[in-house]
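Listed here are the chains, written in short residue letters.
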Amino acid sequence: MFNKQYKNMQSADKNIQWYKSRFEAFEQGLNGEKSKPVHALRRNAFRIFSENGFPTTRQEEWRFTNISPITKIEFQPVLNFEANGISKADIKEYTVAGAARAVFINGMFSKELSDTGMLPDNVIIGNIANVLEEDTGTVQPYIDRMASAPENAFTALNTAFLRDGVFMLVPKNTIIERPVQLIFLASDSKYAYAAQPRNIITVESDSRCKIIETYIGLAGNTYLTNTVTEILLHENSHLEHNKLQVESLNAFHIGTARIIMHARSNYTSNVFSLGGSLVRNNIDVVMDAESSECTLNGLTLGTGTQVIDNHTAVDHAKPNCSSRELYKSILGSESRGVFNGKIIVRKNAQKTDAQQANRTLLLSDNAVMNTKPQLEIFADDVKCTHGAAIGQLDDEQIFYLRSRGIGLDAARDILTLAFAGDVINKITIEPLRFQVEKIVFNSLDNSKARQKRKTVSV
Amino acid sequence: MSLLEIKKLHAAVNGKEILHGINLEVNEGEIHAIMGPNGSGKSTLAGVLAGRDIYSVTEGQVLYRGKDLLQMSPEERAREGLFLAFQYPLEIPGVNNSYFLKSALNAVRKHNGLDELDAMDFLHLLKQKTKIIGMDESFLNRPVNEGFSGGEKKRNEIFHMAVLEPKLSVLDETDSGLDIDALKSVSEGVNRLRSKENSTIVVTHYQRLLNYIVPDFVHVLVDGVIVKSGNKDLALKLEELGYDWVRENVQQTV
């Protein structure tokens, strides 16, 4: 045991050396940009990353998720755009009808595949690489704010190699009817790479919009997506934030979202995690002013030996805010799910109303779920509830469906989809909802096929 | 050829034998009532016919349309035209009634070499059937049985039956928990679905259901054996004299 840990530590150290060499090469290629303020942020972030290293399972926040597979691979950070032969046909299946679209290939913006022309003129949407080159004064404050607190190794690593991503600003009193879809494609490749987009989204007061982040692995290759999305919601703004993640089953996905909410703002997050061999989603919401509402929904579908970890944290920093959280997992084969839902109610955050529920459906005897609600309440006049349940499909219900002529596999699929239904139905963008429903349904078939193959080979 | 032939059927649950040799023959167009006191094995018989795996058949044979019924999975039985109306219909949250029935009907049709119905044709068919059963159309878009009253659940069972058009229906205590109005309207539904080709087995504790669904034959099941068979008058006599009368009668004959 000791030897194994020691070896892992060695490989993690070696891995930090690798990123150090990559960071130096990155700096050398930067020329003029090195003197800009953004580069000071990168350097600071890299220092934090190299000092702290990758997290281990001895840290409470990472107790159930061993990320050592990520530290054993030398991922090449992608710092320049390459089309990699990807065309519109490759993304057709995943585009959401009617949505404006910003497309990234391995974390770098693809002008050719993007189409944001139909958005209102006052909406600023661009890619960060371009924004940094032009050095417009508009974005500097946002960039300063965003990278100031790289609280974990992956966020620090993302900031250190900060290169591209979406910069979006919805000005005051603007309602965007069309959803905005951010598509992050991972191409096939001979080498393992790290795609690390950084997205900065600001919705100013009295404005509304809906965004979709879609992560797609186009082939079955191994790569790392380490993405960070930062969101600032001003007074009385509304944002629906959907995320559909269908990475390669051999890829790693670390997705961090940080949301800061001002008074009377409203935030909804719907996260669908289907792909990836090792996945960690961090969602940190700070309700920093009174009378805000936040809703976090999640659906995880685990097959094979996937590990999918959802860490959410809602910080009720001010009074009269409400939060609602529903995370569901469907785990088959030998997959593993983790849910950690932290709710902090600060001392002066009276009249907080927080609800959290985590439900898991285990489709196989070898699937495992670790769930941990974590409530830290320092105020005395609050309403906080939480609940966690883990179960299996109900034999009586399966028999009822079969007694009407529905086959065993179809009966299981129908009941599984019904379990997922209330999370899928939270999506208000209809074409996206249909898309997610279809992808989830098709994945159910896959998981079953895999289970069967496994049984046969045993 | 008879539709259903049960020969010397023995069945057990959790290793305990409940049915001790049932013999029963049902022909096309007939309605059979199986009556018996609590614990006599009525629901076990219904469950064995539908293929519930908590029951194990230890001896005997069941032929359905000349085929070995006991070799078929529950879904195969349903696709071959066997229908069980549940005593306690299950609630299926998140699955609406019409989606559920579309999956079921298309599975049955596919099995019988028919084209699957598209959404429009299916909706048309469903609306027709709601009229026959006297069910409100709003039930189509509600999750299966979720939040339904006892009477609505039983009526929904008969609605499933109307859509699937089975050859042999087994109604397991369809009268239990129904008030007299619900009992009447559920029975009317069953009677409207009656034809010369299809048959029904009505499993019940009380005679009153048989005032509305009039059987051709009545069988009395006591302690896992059919001890007496007759016509509808037997049910009336049972109602008058109680199951003890049959028990005593049997002991005398033995």
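Residues numbered from 1 in each chain as written. Chains lettered and ligands numbered in written order. Predicted model: local features only at pLDDT ≥ 70, side-chain atom pairs only at ≥ 80, totals over all residues. Heavy atoms only, no water.

(A) Expanded view of the confidence of the model for chain A. Residue-level pLDDT values for chain A average 91, and 92% of them are 70 or greater. Across residues 452–458 of chain A, confidence stays below pLDDT 50; counting only partners more than four residues off in sequence or on other chains, it has two contacts. (pLDDT = per-residue confidence, 0-100. Contact = heavy atoms within 4.5 Å.)

(B) Just the packing of helix H3 (residues 97–111) of chain B against helix H5 (residues 150–164) of chain B, in detail. All names here are of chain B. The N-to-C vectors of H3 and H5 enclose an angle of 35 degrees; their axes lie 10 Å apart at closest approach. In this structure, H3 crosses over H5, and the sense of that crossing is right-handed. Of H5, the residues touching H3 (which contributes Asn97, Phe100, Leu101, Ala104, Leu105 and Val108) are Asn156, Phe159, His160, Val163 and Leu164. (Axes fitted to C-alpha atoms, helices over the stretch in contact; angles between N-to-C directions. Helix = DSSP H or I, 4+ residues; strand = E, 2+ residues; numbered from the N terminus. Left-handed = near helix turned anticlockwise from the far one by under 90°.)

(C) Spotlight on the interface of chain A and chain B. In this complex, chain A contributes 16 residues to the contact, which on the side of chain B involves 29 residues. Between chain A and chain B lies a buried interface of about 1,900 Å² when both sides are counted; carbon and sulfur atoms form 66% of it. It is A:Phe399, A:Tyr400 and A:Arg404 that lose the most area in chain A upon contact with chain B, and together they represent 41% of the buried surface on that side. Counting the contacts that link chain A with chain B gives three salt bridges. Between B:Glu157 and A:Arg404 there is a salt bridge, with the nearest N and O atoms lying 2.6 Å from each other. Taken together, the links from chain A to chain B amount to ten residue pairs in polar contact (both at pLDDT 80 or more). Breaking the side of chain A that touches chain B down by element, the ones donating at least two residues are helix H8 (395–402) and helix H9 (408–424) of chain A. (Buried area = accessible area lost by both parts, 1.4 Å probe. Salt bridge = Lys/Arg side-chain N within 4 Å of Asp/Glu carboxyl O. Polar contact = N/O pair within 3.5 Å; in protein donor to acceptor, adjacent residues only side chain to side chain.)

(D) Local environment of the pairing of strand S6 (residues 180–186) of chain A. Residue and element names in this part refer to chain A. Of all seven residues in S6, seven are buried, a share of seventy percent or more. Going residue by residue along S6, you find Val180, Leu182, Phe184 and Ala186 tucked away on one face and Gln181, Ile183 and Leu185 tucked away on the opposite face as well. Across seven bridges, the pairing between S6 and strand S9 (residues 208–217) is parallel. In the sheet register, Val180 faces S9, and the bridge partner there is Ile211. (Buried < 20%, exposed > 50% of the residue type's maximum accessible area, 1.4 Å probe, protein only. Pairing = 2+ DSSP bridges.)

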